[in-house]
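# Observations on the model geometry
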Amino acid sequence: MSQDDVKFLNLQRVNARYRDALVEAASRVIDSGWYILGAEVNQFEQEFSSYCGTRHCISVGNGLDALTLILRGYIEMGRLQPGDKVLIPSNTFIATVLAASQAGLTPVLIDPDEDTYNLSAAALRDTDLSAIKAVIAVHLYGQLADMAAISDLCEHRGLLLIEDAAQAHGASIDGKRAGAFGAATGFSFFPGKNLGGLGDGGAIITHDDNLSNVCKKLRNYGSSIKYQHDLQGVNSRLDEMQAAFLRVKLAHLDNDTQQRRHIAQRYLQGIRNSAIKLPTVTQAPAHVWHLFVVRCRQRDLLQAHLASCGVQTLIHYPIAIPDQASYRETLPASNLATRLAAEVLSLPMDPTMTDAEVARVIDACNSFKTDVDAV
Ligand SMILES: *Cc1c(COP(=O)(O)O)cnc(C)c1O
């Protein structure tokens, strides 16, 4: 990469916009003398649950722990049993599947919709759900899955519905935001996410008072009263510093989302190349464009061409979960997931991109020449 390349995500520039406020937040924490489970975490939890329109937010160390502790919480509550089967889309980030494994449950993969890359109610209807106890809907790339239809179906079948909203902070349908649809939701605040800290972080969001109490214990050694351990918990807490940083950034999240939508709109209108399949958008507010993912039969050639034009791209994700060494023995192969891994490419998506940078990405896509049509 050279200096004037269009970066995939310029995190330095993203956070530089809030430098003064971040420094102020860091000073406040340093001077407070209190660094774990204090006022900043309490404030952030209130602000984020209110942002999502839910009753409770339990902040944790990262997004993987958020999902794992939700599942462990439902086991503690007797709503799930160890070994129960959890349905998960085959093309998600590995953490969704790891959460089920780490909670002692059995992940079962289901292929997503080919256009939205999300779990669909139609796919659920076509699947034998008799042995399934829970479903994790992943809002992949920042677009909400069809939650109205999926939650109806889960309710009808008595399935526990959990959201993985690690890529979809603020995505909404009819004013209802990611995190407000399922029984509980896992969020990540990894630095590159739409709401990202300056380190690891995550949160559980839920309307469920019991789950909230159990997860508050689980994240803190199974304890809500010091040195009294009701459950065999873990140590997974958002620290005061990250909570203070996230409070600064939460105030600007909707503004950043608008920028992402503006960039996505320009890509959707400007990229005209029969070799490149553009993303399918269900409805505008449902997409917060964590990633702008195109598909191309000659993906590696397209990526090399864009690199030669000074445009940095990434692949989400290059190896399908059933093809990973960690799951090859236990999960059956998915042709669709394997094919998606070979065809997807994520274009630069960064709320601080300039108009000129967006134009360079569009021009670079349009100058890619091949005889092979899009998928
Ligand atoms: C990032 C991500 C996670 C995990 O979050 P971490 O904070 O990195 O542990 C889980 N699911 C999805 C879909 C993600 O993109």
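Structure: above.
A brief look at the structure comes next. (Residues numbered from 1 in each chain as written. Predicted model: local features only at pLDDT ≥ 70, side-chain atom pairs only at ≥ 80, totals over all residues. Heavy atoms only, no water.)

For the rest of this paragraph, the subject is the packing of helix α4 (residues 63-76) against helix α5 (residues 94-102). In the contact formed by α4 and α5, the axes pass within 8 Å of each other and the chain directions differ by 35 degrees. Crossing geometry of α4 relative to α5 is assigned as right-handed. Contact residues: Leu64, Leu67, Thr68 and Leu71 in α4; Ala95, Thr96, Leu98, Ala99, Ala100 and Gln102 in α5. Class assignment for the residues of the contact of α4 with α5 results in seven nonpolar, three polar and no charged. (Axes fitted to C-alpha atoms, helices over the stretch in contact; angles between N-to-C directions. Helix = DSSP H or I, 4+ residues; strand = E, 2+ residues; numbered from the N terminus. Left-handed = near helix turned anticlockwise from the far one by under 90°. Contact = heavy atoms within 4.5 Å. Nonpolar A, V, L, I, M, F, W, Y, C, P; charged D, E, K, R; others polar.)

With that out of the way, let us pick up the packing of aromatic side chains. Taken as a whole and judged by the stated rule, the model has nine aromatic pairs. Where Phe48 meets Phe189, the ring centres are 5.3 Å apart and the plane angle is 85 degrees; that geometry is what we call edge-to-face. In this pair, Phe48 sits in helix α3 (residues 39-52) while Phe189 sits in the loop between β8 (184-188) and β9 (202-206), placing the two residues 141 residues apart along the sequence. Its relative accessible area of 0% is what places Phe48 among the buried residues. The exposure class assigned to Phe189 is buried, which follows from its relative accessible area of 0%. Grouping aromatic residues by their ring pairs yields a cluster made of Phe44, Phe48, Tyr51, Phe187 and Phe189. Note that Arg177 overlies the ring of Tyr51, its terminal NZ or CZ placed 3.8 Å from the centroid. Over the face of the ring belonging to Phe93 we find Lys193, whose NZ or CZ atom lies 6.0 Å from the ring centre. (Phe/Tyr/Trp six-rings, centres within 6.5 Å; stacked < 30°, edge-to-face > 60°. Buried < 20%, exposed > 50% of the residue type's maximum accessible area, 1.4 Å probe, protein only. Lys NZ or Arg CZ within 6 Å of the ring centre and 35° of its normal.)

What follows covers the pattern of salt bridges. This model, assessed by the stated rule, comprises 17 salt bridges. In this structure, Arg13 and Glu357 form a salt bridge, with 3.0 Å as the shortest nitrogen-oxygen distance. With Arg13 in helix α1 (residues 11-16) and Glu357 in helix α13 (residues 355-366), this residue pair connects regions lying 344 residues apart in the sequence. We classify Glu357 as buried; its relative accessible area is 16%. Across the pair Glu114 and Arg295 runs a salt bridge, and its minimum N-O distance is 3.0 Å. (Salt bridge = Lys/Arg side-chain N within 4 Å of Asp/Glu carboxyl O.)

What follows covers the sheet that holds β8. Strand order in the open sheet formed by seven strands is β1-β9-β8-β5-β4-β2-β3, with mixed pairing between adjacent strands. Only two strands of the sheet have a single neighbouring strand rather than two, namely β1 (56-60) and β3 (106-110). For this sheet, the mean angle separating the axes of adjacent strands, direction not counted, is 25 degrees. Bridge count for β8 against β9 is five bridges, and the pairing is antiparallel. Counted as the bridge partner of Ser188 is Gly202 from β9. Contacts from α3 reach β1, β8 and β9 within the one sheet, and its direction differs from that of β1 by about 130 degrees. (Pairing = 2+ DSSP bridges.)

Attention shifts here to the side chain of Thr352. Mapped onto the elements, Thr352 comes out in the loop between β13 (344-347) and α13. Note on Thr352: relative accessible area 14%, which makes it buried. Polar side-chain contacts of Thr352 include one of 2.8 Å to the side chain of Arg13. Setting aside residues no more than four positions away along its own chain, Thr352 makes contact with Asn10, Arg13, Val14, Arg17 and Glu357. (Polar contact = N/O pair within 3.5 Å; in protein donor to acceptor, adjacent residues only side chain to side chain.)

Glancing now at helix α8 (residues 209-218). Within α8 the residues assigned to the buried category are Leu211, Ser212, Val214, Cys215 and Leu218. Looking at the packing, one finds that the buried side of α8 touches β1, α4, β8 and β9. The N-cap of α8, judged by a side-chain oxygen 3.0 Å from the amide nitrogen of Asn210 a few residues on, is Asp208.

Right, let's get into the site of the ligand. Contacts to the ligand come from 15 residues, most closely from Gly63, Asp164, Gln167, Ser188 and Lys193. Measuring from a nitrogen atom of the ligand, one finds a side-chain N or O atom of Asp164 at 2.7 Å. Between Ser188 and the ligand, the recorded distance is 2.6 Å, taken from a side-chain N or O atom to an oxygen atom. Out of a free accessible area of 380 Å², the ligand has 91% covered by protein chains. Among the secondary structure elements, those contributing two or more residues to the shell around the ligand are α4 and α5. Per-class residue counts for the shell around the ligand are six nonpolar, seven polar and two charged. (Near = heavy atom within 4 Å. Areas by Shrake-Rupley, 256 points an atom, 1.4 Å probe, with all protein chains shown as cover.)

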